[in-house]
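For reference, the chains in residue letters:
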Amino acid sequence: MPLSWNEIRQRAITFSRDWADASKENAEAQTFWNQFFEVFGRERRVVANFEQAVKSVSGSAHRIDVFWASKMIAEHKSRGEDLAKAHTQAVGYITELVNEGRDSEVPQYIIVSDFEFMAIHDLDADDPQDASFRFPIAELHQYMQLFGFIAGYETQKLDPEDPANIKAAELLAKLHDSLEDGGYTGHDLQRFMVRVLFCLFAEDTEAFDPGIFTAFIGNHTAKDGSNLGAQLAHLFQVLNTPKEKRPANLNDDLAIFPYVNGDLFAEQLNITAFDCTMREALLKCCGFQWNTISPAIFGSLFQSIMDARERRQIGAHYTSERDILKLIRCLFLDSLTADFEKARKTSKPELRRFHERLASLKFLDPACGCGNFLVIAFRELRELEIKVLEALYPQQGLQTRLGFDLADELKVQVSQMHGIEIEEWPARIAEVALWILDHQMNIKVSAKFGQFVVKLPLRHSPHIVHGNALETDWREVLPPEKCSYIMGNPPFIGSKYQTKEQRAEVRDVWGGIKGVGTLDYVSAWYAKTADYLPNNTARAALVSTNSITQGEQVGVIWPELFRQGIKIDGGHRTFPWTSEARGKAHVHVVIVGFGHGEPTFDKRIYDYGPKGEPLGVTVVQNVSPYLTDGADKAVSTRSKPLCKVPGIGIGNKPIDGGNYLFTLEEKANFIAVEPEAEPFFKRWYGSQEFLQGIERWCLWLGDVPPDKLRKLPHALERVENVRKLRKESKSKPTNDIANTPTRFHVENMPKGNFLVIPKVSSERRDYIPIGFMDSSILASDLVFLIPNATPYHFGVLHSAMHMAWVKQVCGRLESRYRYSAKLVYNNFPWPEPTDKQKQAVESAAQGVLDARKNHPDATLADLYDPLTMPADLAKAHATLDRAVDRCYRKQPFPDERRRFEHLFTLYEQLTAPLTAKTSNKQGRRKKKVEM
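The shown structure was predicted, so the numbers you read here are calculated from the model rather than taken from an experiment.

Enquirer: I would appreciate a short explanation of the overall build of the protein in the present structure.
Expert: A tally of regular secondary structure across the protein gives 35 helices and 26 strands. Considering only intrachain contacts with a sequence separation of at least 6, the fraction spanning at least 24 residues in the protein is 73%. Within the structure as shown, the protein displays about 41500 Å² of accessible surface, and the carbon and sulfur contribution to it stands at 49%.

Quick look at the structure:
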């Protein structure tokens, strides 16, 4: 298995630091490349050669610095030499390989370096702009995904977004805004926009005669827009009337429009009075070429006409086409494509069976919005169908075959698409989007086979239900035995932001399981899907906030789903989610594939970098709820540590309105007017004070004798402020402590030394900074305290081993680590070291503390920034990591993933007796009741 990307990143940082001063090619180049391969977990000598000989046309011998047949050529120069010249030299070597008849050895990548810079060129890149990257060696950690092939990762190539989609959305939004500014709003405006959009697509995709809608607006409406509303109302009526029922004297410019049917033009709308601005906005839309636009733009349209408050309330987001493809590829498209290739190579009868299978598939999106997932899924099905027809009937044969009707061969229909949408007009937009996409694909297949296919009037319709998916019986929308795939992107609403009604929906769907109050709204779709799945063989994949696979919610959701027989098929780890709409949402999400029982395909996990760049794909035996290779088990909150280690608690929580907390300047000013209070000030540390070295102070009066306190009038004034603040609070627990205003709400003041762990820390750090403090200071409730901790405990908690656990188990605040006592610390599987191993950890831990002392002016934030961490501290941590690793096993752990898998196995072993004991007790209770 390849190294984890986190491990590669750390190695890349170390590599860059080690080679910061190198300069001479002849002296150091080979060592440079040996260590470069080690960054990615490869031994250079196993895959690549130094000084590989090639011959020019003239017969002279040349030697390639580094050569990996069919993969890469590397050419190295001394610092400051021209890398472009090195690249040209490498291209020459490729020519010489071809001249020698060694075509199969021609590499995909050229890499050049001069110790200071590195450049990589992908000879197979489709887009020249994506082919070359040049960067400083110091920034290697930011570009490591470019070299994923060295580590053994597959490269993901995703289709870039079409900027025309964005321009089209903006045109429609301007049209909408001009109408709304004129007082046209609500139901009629939304329905009107859907109709106009259909007409725009229809005239540019030959569902209508080309340009007839634009010509109608230009020739039959006044420039001031005064009659535009009436003319459009007349046109909509014509589109809803079969040709044989239209008036005989109908104007020719209207008579040429086809009968559309469906419900699209059935309702009579109140159409606003237009003006010249509105007409101009509509004509600008008409001037755009819509035939190349994805109907996924419908989602952008609808989000553009929703106000921000409503959008937040229902959690409506519209995923970009790029991200939709991520889901449908791993859910069904890659598998179907592979099956098509197999059928194509087998026989035409097998191809026909595959074609019938495509036509039999049924899709359900139970939060479909404007239908983007259904639209893209339908498009990909039609693309596969075209490939089937091309394989069954070569184009020449189709054109000459007597009596052949292409329309009869098109079996994939929009009626295979099913959806549920809480808002009515997005549901209608989804229907129109699918109709238009169907027509676009008919045009495409017509062009390929020389027969024109138009499906007007509309006969097949998608099944889009207007309703609340959490209250709707999905079985009535699509019987489970007919469903093939469930997909979508349910609403993103955190547990703290739900309405009372939404909280009630989540409780009802989950059946009141323990911890249901912590669940995000999206979790309810997992419960509904699990309830729907057991009666069929369908598989599901949902886009979700990454809280589904991180932190406390994992221990609530997944044990219940596993109990119902759900298995995770694979998924996409955290990546930034993007929308095509105005006012884009900024969310980090995952995609989780799952179903009832084991899937029939390989389980794959997709990795991404911090900016969403694809890093690679890993095939695993089983997928844990953390989207790692692991068991069907989740870590649940625990009130006490699983192992025999000191307990952990939060620091002090004053609830004082800031009356007892001071900056250094505020403290000096206070002491100047009341010097007798100076002995009662103590240093105060929260997360920021601890990490950033910020100096703050606390006036601790809880232990001051009453007679001394009465002689401190300014301190007493602050005590009175606290008493009043607590008494007036709307919180009863706060009211209850109003009568003890010198005491804190939570007090945790250990005697002697104790460890401090910040509650929140940047995800950029390889280690959450922790440290010892003594009883002379007070710590806030923004840090955790561990009394009676030893250097051994410090060493284990400050190791890569513990961080591997933290990164998978802890929750996140945005993307930052949010440490948890009940979830992370209390569940951490500590090792059982020998005395010698324990002493090694303690010695290495002291080495870390000593290295910190070497940099007295640096804050912990400075010391643990991966780009500024001092070399002696990095070395001390590497020593500590090895010492802790050996407490778990003799063999070193090659990467973070292997560490977590080992810890998770230990966790299973440590909790198995507890689980069995609980199960036996439950069984005995049940038996007793039955007697």
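Let's pick the thread back up.
Enquirer: Mind showing me how you'd approach the pairing of strand S4 (residues 109–113) here?
Expert: It is a general feature of regular strands that their side chains alternate between the two faces of the sheet. Of all the five residues making up S4, five are buried; the element is thus mostly covered by neighbouring parts of the structure. Side chains Tyr109, Ile111 and Ser113 of S4 all project onto a buried face; the interleaved residues Ile110 and Val112 project onto the opposite face, where all are buried too. In this structure, strand S3 (residues 72–76) lies alongside S4, joined through five bridges in parallel fashion. Along S4, the bridge assignment pairs glutamate 75 with valine 112. Chirality of the crossover, the property in question, places the unit of S3, helix H4 (residues 83–99) and S4 among those that are right-handed. With five bridges connecting them, S4 and strand S5 (residues 117–122) associate as antiparallel partners.

Enquirer: Honestly, the pairing of strand S13 (residues 587–596) in this entry has me stumped. Any pointers?
Expert: Taking burial as the measure, the ten residues of S13 include eight buried ones, the bulk of the element. Examined bridge by bridge, strand S11 (residues 539–545) and S13 share seven bridges and lie antiparallel to one another. From the neighbouring strand, leucine 542 faces S13, where its bridge partner is valine 592. Bridging between strand S12 (residues 566–577) and S13 involves nine bridges; their strand directions are antiparallel. Bridge pairing in S13 links histidine 572 to isoleucine 591.

Enquirer: What is the right way to look at the nonpolar core in this model?
Expert: Most often, soluble globular proteins keep nonpolar side chains buried together rather than apart. Judged by nonpolar contacts, the single largest core of 111 residues is most densely connected at Trp558, Trp805 and Tyr819. If one sorts the elements of this core by residue count, helix H34 (residues 871–888) sits on top with eight residues. Leave out the neighbours within four places in its chain, and tryptophan 805 touches Val635, Cys810, Leu823, Val824, Asn827, Phe828, Pro829, Phe900, Leu903, Phe904 and Tyr907. Residues Val194, Val388, Trp435 and Tyr606 belong to the second largest nonpolar core, which totals 107 residues.

Enquirer: Help me understand the environment of lysine 243, please; the structure alone is not making it clear to me.
Expert: Here lysine 243 shows up in the loop between helix H9 (228–239) and helix H10 (252–255). Lysine 243 gets classed as partly exposed once you look at its relative accessible area, which sits at 48%. In this structure, the C-alpha to C-alpha distance between lysine 243 and proline 258, residues 15 residues apart in sequence, is 7.4 Å. Not counting residues within four places of it along the chain, the set of residues in contact with lysine 243 comprises Ala255, Ile256, Phe257, Pro258 and Tyr259.

Enquirer: Please clarify how the side chain of glutamate 674 should be interpreted in this entry.
Expert: Relative to the helices and strands, glutamate 674 is located in the loop between helix H24 (664–673) and strand S18 (681–685). Despite its burial, glutamate 674 remains without a salt bridge, the nearest opposite charge being carried by arginine 718 at 7.9 Å. Polar side-chain contacts of glutamate 674 include one of 2.8 Å to the backbone nitrogen of histidine 714. With residues up to four places along the chain from it excluded, the contact list for glutamate 674 reads Leu712, Pro713, His714 and Ala715.

Enquirer: Explain the sheet that holds strand S1 (residues 49–55) here, please?
Expert: Across a sheet, paired strands are connected by hydrogen bonds in the backbone, their directions being either parallel or antiparallel. Ordered in space as S1-S2-S3-S4-S5-S6, the six strands form an open sheet in which the pairing is mixed. Taken across any chain shown, the strands that pair with only one partner, and hence form the sheet edges, are S1 and strand S6 (132–136). Sheet twist, expressed as the average angle between the axes of neighbouring strands with direction ignored, equals 30°. H4 contacts S1, strand S2 (61–68), S3, S4, S5 and S6 of the sheet and is inclined by roughly 145° relative to S4.

Enquirer: I would appreciate a short explanation of helix H14 (residues 321–346) in the present structure.
Expert: For an α-helix the count is 3.6 residues per turn, leaving residues at separations of three or four pointing the same way. Over its 26 residues, H14 runs only 33 Å from end to end, short of the ideal 38 Å by more than 12%, given 1.5 Å per residue. A maximum bend of about 70° is found in H14 at arginine 329.

Enquirer: Would you mind going over the sheet that holds S12 with me for this structure?
Expert: Pairing within the open sheet is mixed, and its nine strands lie in the order S9-S8-S7-S10-S11-S13-S12-S14-S15. In this open sheet, the two edge strands, each paired with only one partner strand, are strand S9 (463–466) and strand S15 (614–620). Direction aside, the axes of adjacent strands within the sheet are offset by 15° on average. Against the sheet, helix H22 (residues 523–532) makes contact with strand S7 (363–365), strand S10 (485–488), S11, S12 and S13, and its axis sits at roughly 175° relative to S11, the strand it touches most. Contacting S12 and S13, helix H23 (residues 552–563) runs over the sheet at an angle of about 150° to S12.

Enquirer: It is not clear to me how the packing of aromatic side chains should be interpreted in this structure. Could you clarify?
Expert: Between two aromatic rings, the relevant description is the distance of the centres plus the angle of the planes. Inspection of the entire model under this criterion finds 56 aromatic pairs. With centroids separated by 5.4 Å and ring planes inclined at 85°, the aromatic side chains of phenylalanine 36 and phenylalanine 147 adopt a geometry described as edge-to-face. In this pair, phenylalanine 36 is assigned in helix H2 (residues 25–39) and phenylalanine 147 in the loop between S6 and helix H5 (148–151), connecting sequence segments 111 residues apart. Exposure remark for phenylalanine 147: the relative accessible area of 0% places this residue in the buried category. Between phenylalanine 662 and phenylalanine 681 the ring centres are 5.1 Å apart and the planes differ by 75°, which places this aromatic pair in the edge-to-face class. Here phenylalanine 662, found in strand S17 (residues 661–663), pairs with phenylalanine 681, found in strand S18; they are 19 residues apart in sequence, far enough to count as distant. Just as phenylalanine 662 is buried, phenylalanine 681 falls in that class too. Sitting over the face of the ring of phenylalanine 117, arginine 134 holds its NZ or CZ atom 4.3 Å from the ring centroid.

Enquirer: So what exactly am I meant to see when it comes to helix H21 (residues 500–510) here?
Expert: For H21, every residue scored as buried is listed here: Gln502, Glu505, Val506 and Trp510. Buried positions in H21, seen along its axis, are confined to an arc of 115° and lie on one side of it. Opposite the packed face of H21, turned more than 90 degrees from it, sit the exposed residues Lys500, Glu501 and Asp508.

Enquirer: Which parts of the structure should I look at to understand the packing of H14 against helix H16 (residues 372–392)?
Expert: Put simply, H14 and H16 touch, their axes get as near as 10 Å, and they point 20° apart. Put simply, H14 runs roughly parallel to H16. By crossing handedness, the relation of H14 to H16 is classed as right-handed. Taking contact as the criterion, the partners of Glu321, Ile324, Leu325, Leu327, Ile328, Phe332, Leu333, Leu336, Thr337, Phe340 and Arg344 in H14 are, on H16, Asn372, Phe373, Ile376, Ala377, Arg379, Glu380, Leu381, Leu384, Lys387, Val388 and Ala391.

Enquirer: Is there a simple way to explain the packing of helix H8 (residues 212–220) against H9 in this structure?
Expert: Any two packed helices are characterised by the angle at which their axes cross and by the distance between the axes. Two elements in contact, H8 and H9, have axes separated by 10 Å at closest approach and are oriented at 140°. Judged by the sense of rotation from one axis to the other, the crossing of H8 with H9 is right-handed. Residues Phe213, Phe216, Ile217 and His220 of H8 touch H9, and the partners they reach there are Leu228, Gln231, Leu232 and Leu235. Of the residues assigned to the contact of H8 with H9, the class counts are six nonpolar, two polar and no charged.

Enquirer: Just checking my understanding: could you explain the pattern of salt bridges for this structure?
Expert: Between side chains of opposite charge, a pair can form as their charged atoms come close. In total, this model carries 31 salt bridges according to the counting rule given. One salt bridge connects aspartate 569 with arginine 539, and the closest N-O pair in it is separated by 2.5 Å. Separated by 30 residues along the polypeptide, aspartate 569 in strand S12 and arginine 539 in strand S11 bring together distant segments of the chain. With its nearest N and O atoms 3.2 Å apart, the salt bridge here joins glutamate 598 to lysine 567. Of this pair, glutamate 598 sits in the loop between S13 and strand S14 (603–608) while lysine 567 sits in strand S12, and the two are 31 residues apart along the sequence. The network of salt bridges with common partners includes Lys567, Glu598, Lys603 and Asp632.

How each quantity is defined
Residues numbered from 1 in each chain as written. Predicted model: local features only at pLDDT ≥ 70, side-chain atom pairs only at ≥ 80, totals over all residues. Heavy atoms only, no water. Helix = DSSP H or I, 4+ residues; strand = E, 2+ residues; numbered from the N terminus. Contact = heavy atoms within 4.5 Å. Areas by Shrake-Rupley, 256 points an atom, 1.4 Å probe, with all protein chains shown as cover. Buried < 20%, exposed > 50% of the residue type's maximum accessible area, 1.4 Å probe, protein only. Pairing = 2+ DSSP bridges. Right-handed = clockwise from strand over helix to strand, strands pointing away. Core = buried A, V, L, I, M, F, W, Y, C linked by side-chain atoms within 4.5 Å. Lys, Arg positive; Asp, Glu negative; His and termini not counted. Salt bridge = Lys/Arg side-chain N within 4 Å of Asp/Glu carboxyl O. Polar contact = N/O pair within 3.5 Å; in protein donor to acceptor, adjacent residues only side chain to side chain. Axes fitted to C-alpha atoms, helices over the stretch in contact; angles between N-to-C directions. Expected span 1.5 Å × (residues − 1). Bend = angle between axes of the 7 residues up to and from the residue. Phe/Tyr/Trp six-rings, centres within 6.5 Å; stacked < 30°, edge-to-face > 60°. Lys NZ or Arg CZ within 6 Å of the ring centre and 35° of its normal. Arc of directions from axis to C-beta. Parallel < 35°, antiparallel > 145°, perpendicular 65-115°, else oblique. Left-handed = near helix turned anticlockwise from the far one by under 90°. Nonpolar A, V, L, I, M, F, W, Y, C, P; charged D, E, K, R; others polar.

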